[in-house]
Structures are given as structure tokens and as C-alpha cells.
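Survey of secondary and tertiary structure
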Amino acid sequence: MAFSATTKIIQPMYINSARSPDKSDSCNKILSPSSFLGSNNKLFSISKTISPLSRRSATVVAVSSDVVKKKKVESNPASNLLITKEEGLELYEDMILGRAFEDMCAQMYYRGKMFGFVHLYNGQEAVSTGFIKLLGNRDCVVSTYRDHVHALSKGVPARAVMSELFGKATGCCRGQGGSMHMFSKEHNVLGGFAFIGEGIPVATGAAFTSKYRREALKEDCDDVTLAFFGDGTCNNGQFFECLNMAALWKLPIVFVVENNLWAIGMSHLRATSDPQIWKKGPAFGMPGVHVDGMDVLKVREVAKEAITRARRGEGPTLVECETYRFRGHSLADPDELRDPAEKAHYATRDPITALKKYLMENSLASEAELTAIEKKIEEVVEEAVEFADKSPVPARSQLLENVFADPRGFGIGPDGKYRCEDPKFTEGTAQV
Amino acid sequence: MAAMLQAIGGASPSVAFSDHYNKSSVSSIRSFPVIRSDARSSSGSIHGSFKPGKIITKATATQTESSASAASKPGHELLMFEALREGLEEEMDRDPRVCVFGEDVGHYGGSYKVTKGLAQKYGDLRVLDTPIAENSFTGMAVGAAMTGLRPVVEGMNMGFLLLAFNQISDNCGMLHYTSGGQFTIPTVIRGPGGVGRQLGAEHSQRLESYFQSIPGIQLVACSTVYNAKGLMKAAIRSENPVVLFEHVLLYNLKERIPDEEYVLSLEEAEMVRPGEHITILTYSRMRYHVMQAAKTLVNKGYDPEVIDIRSLKPFDLYTIGNSVKKTHRVLIVEECMRTGGIGASLTAAINENFHDYLDAPIVCLSSQDVPTPYAGTLEEWTVVQPSQIVAAVEQLCK
């Protein structure tokens with residue numbers, strides 16, 4: 001099999017080896033290994049022993065290549081492969097779209113077409129593609145500020161996302177949300193949240209609705225919700241509160257941790273007492289799974305199981321995807337803290353390169369077919385930019401339109417009429 | 001035509017109240033109907049998702065529109081927490097998507113019995129007992145609302161919702177906007193707040209002042225049994241996120257309310273007592289202090305106009321403005337703290353809009369900028385008392 005899971009323990013490099021002496025205005029002290037303030041735990045270990053004390057009704061699974069190999073044989077006995085050709089091409093196209101789109105975002109940002117905080121997803125495509133391509137339209141996705149690719153994988157057109165980034169009225173949120181707030185009712189993308197952890201309760205609520213529809217409204221509903229968030233979020237209260245509630249009520253949700261080891265400049269090891277995030281699942285009574293997030297096929301296998309569990313009403317799963325972002329935290333981040341050796345290591349595990357290799361080695365696709373996909377995506381992204389460029393900026397009248405779903409919420413003016421009845425109101429020239 | 005009857009005074013409080021209140025046995029509030037013309041129904045077309053619906057424009061605590069219809073049904077007497085429950089129950093019957101989230105709302109029936117019996121009737125999923133995680137279950141309510149439910153979130157005490165500020169501000173308030181109008185958040189967030197009976201500083205908070213800047217939410221405060229039920233129903237039916245402020249000390253108010261279904265307007269203020277000399281604006285519990293003071297003032301020959309603003313955000317500038325134009329003097333009596341409270345905003349709004357009509361500067365009586373002390377005497381001095389209201393009116397009307 002092309003993806004040989006490394007059982008090598010990956011440790012982020014200590015800070016002191018990454019600093020160049022010229023950088024004078026950093027606020028990070030250079031630490032010697034002896035004063036390293038963080039967990040000395042290894043990141044993950046493929047250990048099959050589970051102590052009886054920590055054993056709960058849910059199983060703890062650490063995915064290794066053995067597990068995947070076993071599944072490989074089970075799932076597709078005829079062909080010995082994890083995916084069919086169509087699936088493979090779909091996955092490839094989705095990852096290429098994610099990568100190309102984000103690269104274009106960087107270009108556009110530096111050309112002054114988009115502003116503010118833009119967080120790119122390069123390197124993490126396997127997680128988005130691996131999970132979201134298994135969902136139906138009615139399933140919900142909740143993300144963080146690093147949400148462009150989640151939206152794209154879920155089906156939001158590239159032109160709508162690009163337009164939103166340019167702040168145009170044709171954006172998926174009419175230009176009102178921006179990079180960190182991608183929403184789509186049509187595709188059930190529930191955001192896009194700027195504060196980390198803020199979206200997890202929203203995802204929990206969407207999962208609650210699914211259960212409510214089934215049990216209280218007696219509808220035929222097995223919609224699943226995926227909540228994506230990072231390693232930094234896993235130290236936040238909302239994460240734990242929602243793990244508890246989701247497990248308590250067996251909500252149809254999968255908590256997907258995109259552990260890229262860094263929360264801006266804070267290494268996961270410096271922030272977390274026990275950095276093995278998957279272990280936090282069983283503490284709340286749900287399975288905790290660790291998976292190689294640079295390998296889309298492995299992610300997909302784990303995702304299949306977690307999503308199926310949720311659909312069957314068996315409750316939530318916590319999936320920790322070990323992944324990496326090739327760019328800085330945002331386009332404003334100089335990304336000086338991460339060790340170049342670490343970056344180089346993960347660059348060799350580029351999920352797109354890996355899938356390409358897999359597809360070709362297993363004769364699922366030819367070079368020509370893959371190049372055709374790349375070309376097609378290039379055109380899609382360029383068209384998206386053109387569309388966004390040509391789109392109009394929001395008019396002044398748009399300013400107050402979506403503050404309230406029911407604009408009577410603006411109240412009654414001195415003349416006795418509801419403010420929203422004043423024709424000048426939506427023009428934005430009325431006194432509010 | 002507005003039929004005006006004089007209000008006799010505040011509601012008769014139950015024995016839970018302190019001696020400040022007159023314990024004379026007035027069995028019901030007799031307020032007067034000020035009927036708004038239905039021509040005010042909104043018909044303007046607004047871009048976006050607003051669909052003009054039927055607007056119920058009766059703002060006031062009215063028993064009847066005419067005495068004829070009063071005779072048809074006697075109404076029923078109940079306590080405020082029962083009225084809140086009745087409103088909630090009617091809405092839950094009417095729309096199966098309405099559900100309740102909160103601590104101890106289910107099996108326990110609610111700390112103030114507002115949800116008593118509902119879990120037995122509707123099940124544990126529709127009346128959800130949550131773990132103690134305000135920020136998360138409020139966020140859960142947002143997510144549920146986005147995906148089609150209509151949750152009512154109970155803060156066991158409004159003060160606890162400080163923990164949910166992230167979700168209330170960013171998600172309840174702003175999400176409709178940042179999603180470009182794609183998702184609506186028809187949540188109701190309700191609970192008891194205000195200064196109680198020696199509950200200590202943290203249980204005596206007035207969150208309306210902290211929430212008022214959040215764009216995209218409406219704040220309403222109920223004060224009578226009648227308006228409690230009407231506002232509860234209106235809040236649940238509203239497509240906007242609404243925060244309904246109840247008051248710890250008002251739950252045992254008793255009043256007779258109509259048997260017929262009624263829904264009040266979220267944006268309108270309530271004329272409690274029309275008058276000529278001065279406009280007194282108030283809300284929630286302070287309404288009763290004001291009405292107490294009003295009795296004294298009437299005896300002294302004053303004629304105060306008392307308006308319960310009810311809608312803390314947005315302000316009903318029509319009712320307020322008409323009153324200011326008539327009396328030219330304004331006194332605001334509120335329970336918020338001096339700094340940054342509803343009174344402060346209201347003072348600014350009136351000054352901006354009706355400055356020309358004022359004969360005297362607006363006086364705002366608020367609570368002291370003090371964490372509410374436990375000691376009874378100190379607590380009494382932090383909130384506005386009827387004697388202070390009387391003194392302020394006398395001063396203003398000199």
C-alpha cells in the first residue's frame with residue numbers, strides 16, 4: 001500500500017533551534033531544553049494496552065496501518081483498494097480545489113483584493129476532503145476561521161466564497177461575513193466562527209435538532225453534524241462542555257480535531273497538559289480516535305465509521321487528525337517560530353502528492369487525467385476571481401437589512417411608524 | 001378613541017413583598033386600554049427576508065377593548081410565574097418546534113416554577129435539563145435555532161448568562177447578519193434578574209445594561225401578569241432573538257387575565273397612568289415603586305404620567321415622545337446602575353429626539369454603582385425607593 005503509516009513519533013522541534021539571532025523584536029524568549037514549559041509526553045503512541053482504570057464503555061482506538069490494511073481487504077474485496085476510481089478522482093479534485101483556492105487567496109490578499117484576517121488551509125486538505133465528501137447535503141458542517149476549504153468541500157461554489165472574500169454583494173454572505181464567517185444555508189455550512197470554540201456548541205445544537213426531529217417530531221432524520229476545530233480549541237471550556245452534552249444525549253455529531261500542532265505561535269505541547277487529544281473522548285464516554293491527517297484515505301476510513309456511528313444513533317466520536325498547515329496561522333503571520341525542519345518533514349507528507357501517488361500506483365488514474373483535473377480547477381479558481389472582481393460592492397442600502405430577521409426589531413420611531421417602514425431606512429440615511 | 005380609566009395603583013403584591021408595598025387588597029389591576037390603530041401594520045417591502053405579517057398592536061395591559069367583550073368571559077386569576085408558564089405552554093402546544101433548554105427546567109420544574117409540569121407533558125427532549133454550562137447550552141440553542149427549532153433558553157438567574165455572553169453577543173446577536181441573512185436565530189433567552197431580597201451581589205445583577213449594545217437582539221422586560229404572558233408569547237413567535245427579563249420579586253404577583261389568547265407587541269411601551277405634569281418612565285419592578293410614589297404624588301396634587309417602557313431595546317419613541325410633548329418633564333426610574341444603564345441610554349435618546357419639548361433636564365433615578373450588598377439596609381439604599389421618586393418629582397415640577 002502506498003501509504004505506509006509511520007509509527008515514528010513526531011515531536012515538534014524545541015523553540016531554541018529555530019531562532020535566527022537577527023530577529024530582535026520577538027516576544028518569545030529562547031528556551032533551553034531544561035526550561036521547556038510544556039508536556040513531555042510523546043504525541044501519540046500506538047499502544048494496544050488500555051489500563052483497566054481508563055476503560056470505559058466506549059473503545060479507544062489508535063489507528064495504525066494494520067487497522068487500515070484490515071479494512072482495505074474488507075471494504076473492497078474485489079479490488080483490494082480503499083476507493084474506486086470515481087471516488088479517487090472526486091477526492092483528488094476536491095483537494096486540488098482546496099489547495100488552488102487557498103493559493104489564489106494568498107495572491108489576491110497580497111494584491112490588496114481582500115483584507116483583514118485570512119487563514120489558509122494549505123496542507124490540511126485531507127481532513128476536509130476525507131470527512132466532508134462522505135456527507136449528504138442535509139448534513140451540517142461547522143468550522144472555525146479556517147473555513148474556506150470546508151465550505152468548498154461542502155459544495156459552496158468557489159465564486160461565492162471568493163466573492164465573499166473580496167467583500168462583494170455576491171458573496172455567500174453578501175460580503176457581510178468575510179473570510180472567517182462562511183455560511184451557506186443551501187449547503188448547510190453553519191459557519192465560520194472567529195472565536196475558537198464558539199462554533200462547537202452551535203454544531204452541538206445542530207446535532208440536537210437532528211435528534212429532536214427524529215424523536216420529538218417523529219420525522220425520518222439521520223442528519224449528522226461535523227464540528228471542525230484545532231488543537232488550541234481543545235483546551236477551551238466550550239469543547240469540554242460540548243463533549244459532555246453530546247455524549248450525554250448521544251447526539252449525532254463528530255468532533256474533528258485538526259491538530260496542526262500550532263495555535264498561532266503557541267505549540268500544542270506548551271499549551272496542553274496531555275497533548276493526546278483523542279484521549280479526551282473516552283473521558284466523556286465516547287470513542288477517541290487518532291488518525292494520520294495527512295492521508296486522505298485513512299481519514300476517510302475513520303470518518304466513515306464515525307459518521308455511520310452517528311447516523312445509527314450511537315452518539316458522538318472524537319477524531320484527532322494529526323495534520324499540519326504549510327503556511328502561517330494567517331496571512332499576517334510571519335511564521336517564524338516553527339522549525340524549518342518540521343515544515344520540511346510535513347512537506348514530504350503533502351496529502352495531495354500522496355493521493356496522486358496512490359492513484360497512479362494503483363492504476364486508478366493516469367497522469368493525464370489528474371493533470372486535466374488540475375487544469376479544470378485552475379480555470380474554476382480563475383473564473384471565481386473574475387466573477388468576484390466584476391461583482392458589485394454592497395450598496396449603502398444593504399447596511400441595515402440583515403440586522404434583524406424581523407426588522408420591526410428596530411423599533412417604533414417618534415412618528416409612530418415602525419422604523420423599517422421609513423423608506424430612507426434601508427437606504428441607510430435615516431437616523432437610527 | 002382611547003378610553004382612559006385611571007389606574008388605581010400598583011398590583012397587589014403577595015406576601016412575598018416587603019413592607020414597602022401597600023398590602024391593600026386590590027384584586028386586579030385596572031388599567032385602561034389605549035388602542036392603537038391597526039393602520040400601523042407594517043406593509044413596507046424591505047429587501048431581505050422580512051415578510052410582513054400580522055402585527056398585534058395592542059401594547060397595553062388591557063382587559064378589554066370594550067366592556068361588552070369583558071362580560072363574555074370572566075378571565076382567570078393566576079400568579080406571574082403561572083402566566084409565564086401558560087404562555088410558554090400555549091406556544092409549545094401551538095408549535096412543536098418550541099423547546100426549552102435550561103438548568104433544572106425539566107424534572108425540577110424550574111427554579112421559579114415557570115416550567116413546572118412541562119417536562120412531564122412534553123418529554124425530556126422538549127424540556128431539556130442541561131448540565132451547568134451556560135455558554136454551551138446557549139450556543140446549542142443558537143445551533144438548534146439555525147437548523148429549525150425555536151428554543152427558549154432559561155438562565156436560572158440572569159446573572160448566570162454572563163457566562164453565555166460570547167454566544168449571546170456573537171451568535172444570537174450577530175449571526176443573522178454575518179451569514180448575510182441566511183440563518184435566523186429565533187431564540188428566546190429569559191430568566192429572573194434584578195435586585196431581590198438579600199440575594200447578594202452576584203444574584204442581583206441587571207443584565208439589560210450589559211446586553212443593550214449587542215446589535216441584533218431585542219430586550220423586553222415584563223412587569224405584570226398580563227404583559228408577562230403576552231410578551232412571552234410574542235418573544236417566542238418573533239423571528240428575532242429576544243431576551244425577556246423577568247424579575248425575581250415579581251413572580252408571585254397575582255392578577256386576572258383574559259381567557260382569550262393574546263399576544264403583545266415587543267416594541268411598544270405601556271401607558272400605566274396618563275397624566276399631565278410629568279412623564280415617569282420605568283420598567284419591571286420599579287414600576288411598582290413608581291406607582292407607590294404616584295399615590296403619594298396624587299395626594300399631594302400632582303398628576304404624573306407613568307409609562308412602563310417594556311421594550312428596553314428598541315425604545316418606543318412614539319409613546320415616549322407623545323408623553324414628553326405633553327408634559328415637558330421626564331423622570332426615569334430604573335433599577336440598572338447609574339453608569340451605562342437603560343436609563344442612561346434612554347436619557348440620551350430623549351435628549352436627541354425631543355430636546356425642544358423639554359422644560360427641564362431629564363432626571364434619571366438609578367441604582368447606586370455598587371455591588372448589591374447582602375445587608376438588608378444597605379440593599380434598600382442601593383435601589384430607588386418611592387420616597388426618592390416623590391422627592392424627584394417635586395423637584396422637577398417646581
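Residues numbered from 1 in each chain as written. Chains lettered and ligands numbered in written order. Predicted model: local features only at pLDDT ≥ 70, side-chain atom pairs only at ≥ 80, totals over all residues. Heavy atoms only, no water.

The name an unreviewed UniProt entry assigns to chain B is pyruvate dehydrogenase (acetyl-transferring), from the organism Abeliophyllum distichum. Of the comments in the UniProt record for chain B, the one headed Function (unreviewed entry) reads "The pyruvate dehydrogenase complex catalyzes the overall conversion of pyruvate to acetyl-CoA and CO(2). It contains multiple copies of three enzymatic components: pyruvate dehydrogenase (E1), dihydrolipoamide acetyltransferase (E2) and lipoamide dehydrogenase (E3)." UniProt annotates chain B under Subunit (unreviewed entry) with the comment "Tetramer of 2 alpha and 2 beta subunits." (UniProt positions renumbered as here; feature names shortened; annotations may be inferred.)

Under an unreviewed UniProt entry, the name given to chain A is Pyruvate dehydrogenase E1 component subunit alpha, and the organism recorded is Abeliophyllum distichum. In its Function (unreviewed entry) section, UniProt records this for chain A: "The pyruvate dehydrogenase complex catalyzes the overall conversion of pyruvate to acetyl-CoA and CO(2). It contains multiple copies of three enzymatic components: pyruvate dehydrogenase (E1), dihydrolipoamide acetyltransferase (E2) and lipoamide dehydrogenase (E3)." Under the UniProt heading Subunit (unreviewed entry), the note attached to chain A is "Tetramer of 2 alpha and 2 beta subunits."

Between chain B and chain A, the residue contacts involve 61 residues of the former and 59 residues of the latter. Between chain B and chain A the total buried area reaches about 5100 Å² when both faces are included, carbon and sulfur atoms providing 63% of it. Run the count over chain B and chain A and you get zero salt bridges. One can count 22 residue pairs in polar contact (both at pLDDT 80 or more) joining chain B with chain A. The dominant element in the side of chain B that touches chain A, judged by the number of residues it contributes, is helix 4 (residues 134–146) of chain B, at nine residues. Here the residues of the side of chain B that touches chain A are counted per class, giving 26 nonpolar, 26 polar and nine charged. (Contact = heavy atoms within 4.5 Å. Buried area = accessible area lost by both parts, 1.4 Å probe. Salt bridge = Lys/Arg side-chain N within 4 Å of Asp/Glu carboxyl O. Polar contact = N/O pair within 3.5 Å; in protein donor to acceptor, adjacent residues only side chain to side chain. Helix = DSSP H or I, 4+ residues; strand = E, 2+ residues; numbered from the N terminus. Nonpolar A, V, L, I, M, F, W, Y, C, P; charged D, E, K, R; others polar.)

Residue and element names in this part refer to chain A. For the pair helix 2 (residues 85–110) and helix 3 (residues 125–132), interaxial distance at closest approach is 9 Å and the crossing angle is 135°. As judged from the angle between their axes, helix 2 and helix 3 are oblique. Considering only the axes of helix 2 and helix 3, their crossing is right-handed. Residues L91, D94, M95, G98 and R99 of helix 2 touch helix 3, and the partners they reach there are E125, A126 and T129. (Axes fitted to C-alpha atoms, helices over the stretch in contact; angles between N-to-C directions. Parallel < 35°, antiparallel > 145°, perpendicular 65-115°, else oblique. Left-handed = near helix turned anticlockwise from the far one by under 90°.)

Turning to the confidence of the model for chain B, a few remarks are in order. Residue and element names in this part refer to chain B. For chain B, mean pLDDT is 86; residues scoring 70 or higher make up 82% of the total. Contacts for the low-pLDDT stretch residues 1–71, under 50 throughout, to residues beyond four places or in other chains number 126 contacts. Interface predicted TM-score (ipTM) for the complex: 0.84; the corresponding pTM is 0.84. (pLDDT = per-residue confidence, 0-100.)

Here, UniProt's "domain: Dehydrogenase E1 component" (unreviewed entry) annotation points to residues 94–394 of chain A. Segment residues 94–394 of chain A splits into 46% helix and 12% strand. End C-alpha atoms: 30 Å apart.

Residues and elements named next belong to chain B. With respect to topology, five strands assemble into an open sheet ordered 9-11-10-13-14, the strand pairing being mixed. In the strand order of this sheet, the two ends are held by strand 9 (270–273) and strand 14 (363–367), each with one partner. Each strand of the sheet is rotated relative to its neighbour by a mean of 25°, with strand direction disregarded. Relative to strand 14, strand 13 (residues 330–337) is paired through four bridges, and the arrangement is parallel. When the bridges of strand 14 are listed, V333 appears paired with L365. Contacts between helix 9 (residues 286–299) and the sheet are confined to strand 9, strand 10 (278–282), strand 11 (304–308) and strand 13, with strand 11 contributing the most and set at about 170° to the helix. (Pairing = 2+ DSSP bridges.)

Considering the arrangement of structural elements, one finds B:I309 in the loop between strand 11 and strand 12 (311–313). Remark: the alpha-carbon pair of B:I309 and B:S136, spanning 173 residues in sequence, is separated by 32 Å.

Residues and elements named next belong to chain B. Counted under the stated rule, the structure contains 50 salt bridges over all chains. The salt bridge involving R237 is made with E91; its shortest N-O contact spans 3.0 Å. Of this pair, R237 sits in helix 8 (residues 225–237) while E91 sits in helix 2 (residues 80–94), and the two are 146 residues apart along the sequence. Look at R237 and you get partly exposed, because its relative accessible area is 27%. Among the residues examined, E91 registers a relative accessible area of 1% and is labelled buried. A salt bridge links K326 to E305, with the nearest nitrogen and oxygen atoms 2.5 Å apart. With a gap of 21 residues between them, K326 in helix 10 (residues 317–327) and E305 in strand 11 connect regions that are remote in the sequence. You can call E305 buried: its relative accessible area is 1%. (Buried < 20%, exposed > 50% of the residue type's maximum accessible area, 1.4 Å probe, protein only.)

With that settled, consider the UniProt feature "domain: Transketolase-like pyrimidine-binding" (unreviewed entry) in chain B. Under the feature "domain: Transketolase-like pyrimidine-binding" (unreviewed entry), the UniProt entry names residues 78–253 of chain B. Counted over residues 78–253 of chain B, helix gives 36% and strand 18%. Its end C-alpha atoms are 8 Å apart.

Sheet strands associate in pairs through backbone hydrogen bonding, adopting either a parallel or an antiparallel arrangement. Residue and element names in this part refer to chain B. The seven strands lie next to each other as 3-2-4-5-7-6-12, forming an open sheet whose pairing is mixed. The open sheet has two edge strands with one neighbour each: strand 3 (127–129) and strand 12. Strand-to-strand twist across the sheet, computed as the mean angle between neighbouring axes with direction ignored, equals 20°. Where helix 4 meets the sheet, its contacts fall on strand 2 (98–102), strand 3, strand 4 (150–154) and strand 5 (188–193), and the angle it forms with strand 4 comes to roughly 165°.

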